[in-house]
Amino acid sequence: MDEQPRISDAEWEIMKVIWAKSPATAADVIHALRDNKTWKDNTIKTLLSRLLQKGVLTYEQVNRVYYYSPALTEEECKRQERQSFLQRVYGGALKPMLVHFLKEEKLSSQEIDELKKILSEKEK
């Protein structure tokens, strides 16, 4: 599998809008983020441009309006982020990461049961 480009936290915010409403114009993205972000319109347009350069977005131009669509699914981007994190922080080893999270994080009984079920299915 080819390595996908890493996207920044700000770019993730843009992509969440695009994944939810695609195709979307720059104005759509600006409107969607207006209440939660203090970004200027040009900041959002710059982030859209970066995502296009990275190949994470595609666009179609109709008259003078650009309609942006994801080139990668949300799951593809999440998978890349998981793999990148695992490699950077744990040297690619899954077990130490899982042990760390299980020791450090509080889990409800329901979450523990879900994890047991997943592990049980992995053994089959």
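Cut-offs and rules
Residues numbered from 1 in each chain as written. Predicted model: local features only at pLDDT ≥ 70, side-chain atom pairs only at ≥ 80, totals over all residues. Heavy atoms only, no water. Helix = DSSP H or I, 4+ residues; strand = E, 2+ residues; numbered from the N terminus. Rg over C-alpha atoms; globule rule 2.2 N^0.38 Å. Buried < 20%, exposed > 50% of the residue type's maximum accessible area, 1.4 Å probe, protein only. Contact = heavy atoms within 4.5 Å. Areas by Shrake-Rupley, 256 points an atom, 1.4 Å probe, with all protein chains shown as cover. Lys, Arg positive; Asp, Glu negative; His and termini not counted. Charge placed at Lys NZ, Arg CZ, Asp CG, Glu CD. Salt bridge = Lys/Arg side-chain N within 4 Å of Asp/Glu carboxyl O. Phe/Tyr/Trp six-rings, centres within 6.5 Å; stacked < 30°, edge-to-face > 60°. Domains from an automatic or database assignment. Core = buried A, V, L, I, M, F, W, Y, C linked by side-chain atoms within 4.5 Å. Axes fitted to C-alpha atoms, helices over the stretch in contact; angles between N-to-C directions. Parallel < 35°, antiparallel > 145°, perpendicular 65-115°, else oblique. Left-handed = near helix turned anticlockwise from the far one by under 90°. pLDDT = per-residue confidence, 0-100. Expected span 1.5 Å × (residues − 1).

Draft legend 1. Highlighting the overall build of the chain. Across its full length, the chain carries six helices and two strands. Computed over C-alpha atoms, the radius of gyration of the chain comes to 19 Å, more than 25% over the 14 Å expected from 2.2 N^0.38 for 124 residues, which places it beyond the range of a compact globule. Burial statistics for the chain: of 124 residues in total, 23% are counted as buried. Within the chain, residue pairs in contact and separated by at least 24 positions form 52% of the contacts whose partners lie at least 6 positions apart. Surface accessibility of the chain: about 9300 Å² in total, with carbon and sulfur atoms responsible for 49%. When the 21 positive and 20 negative side-chain charges of the chain are each reduced to one mean point, those points stand 2 Å apart.

Draft legend 2. Layout of the pattern of salt bridges. Within this structure, the stated rule accounts for seven salt bridges. The closest approach of N and O atoms between Glu 13 and Lys 16, which form a salt bridge, is 3.4 Å. One end of the pair, Glu 13, and the other, Lys 16, are both in helix H1 (residues 9-20), three residues apart, so they sit about a helical turn from each other. The exposure class assigned to Lys 16 is partly exposed, which follows from its relative accessible area of 44%.

Draft legend 3. How the structure looks around the packing of aromatic side chains. As enumerated under the stated definition, the model contains three aromatic pairs in all. A ring pair is formed by Trp 12 and Trp 19, whose centres lie 5.6 Å apart and whose planes are at 55°; its orientation type is tilted. Residue classification places Trp 19 among the buried positions, given a relative accessible area of 18%. On the numbers, 5.0 Å between centres and 55° between planes, the contact of Tyr 59 with Tyr 66 is tilted.

Draft legend 4. Focus on the domain arrangement of the chain. Here the chain is described as being made up of domain 1 (9-70) and domain 2 (93-124). Inter-centroid distance (C-alpha atoms) of domain 1 to domain 2 is 36 Å.

Draft legend 5. Quick look at the nonpolar core. Core analysis: the largest hydrophobic core is formed by 21 residues, its most contacted members being Ile 14, Ile 18, Val 29 and Leu 48. Broken down by secondary-structure element, the contributors of at least two residues to this core are H1, helix H2 (26-33) and helix H3 (41-53). Ile 18 has contacts with Ala 24, Val 29, Leu 48, Leu 57, Tyr 68, Ser 69 and Pro 70, leaving out every residue within four places of it along the chain.

Draft legend 6. The arrangement of the packing of H1 against H2 in detail. For the pair H1 and H2, interaxial distance at closest approach is 10 Å and the crossing angle is 110°. Judged on the interaxial angle alone, H2 and H1 are roughly perpendicular. H2 is crossed by H1, and the crossing has right-handed handedness. Facing H1, whose interface residues are Glu 13, Ile 14, Val 17 and Ile 18, H2 presents Val 29, Ala 32 and Leu 33.

Draft legend 7. Representation of the confidence of the model for the chain in the model. Averaged over all residues, the pLDDT of the chain equals 91, while 98% of them reach at least 70. Of all secondary-structure elements in the chain, the lowest mean pLDDT belongs to helix H5 (residues 94-104), at 88, while strand E2 (residues 65-70) reaches the highest, 97.

Draft legend 8. H1, seen in detail. Counted at 1.5 Å a residue, the expected span for H1 with its twelve residues is 16 Å, and the 17 Å between its end C-alpha atoms agrees. Those residues of H1 that sit buried are Glu 11, Trp 12, Ile 14, Met 15, Val 17, Ile 18 and Trp 19. Packing partners of the buried residues in H1 comprise H2, H3, strand E1 (57-62), E2 and helix H4 (74-90).

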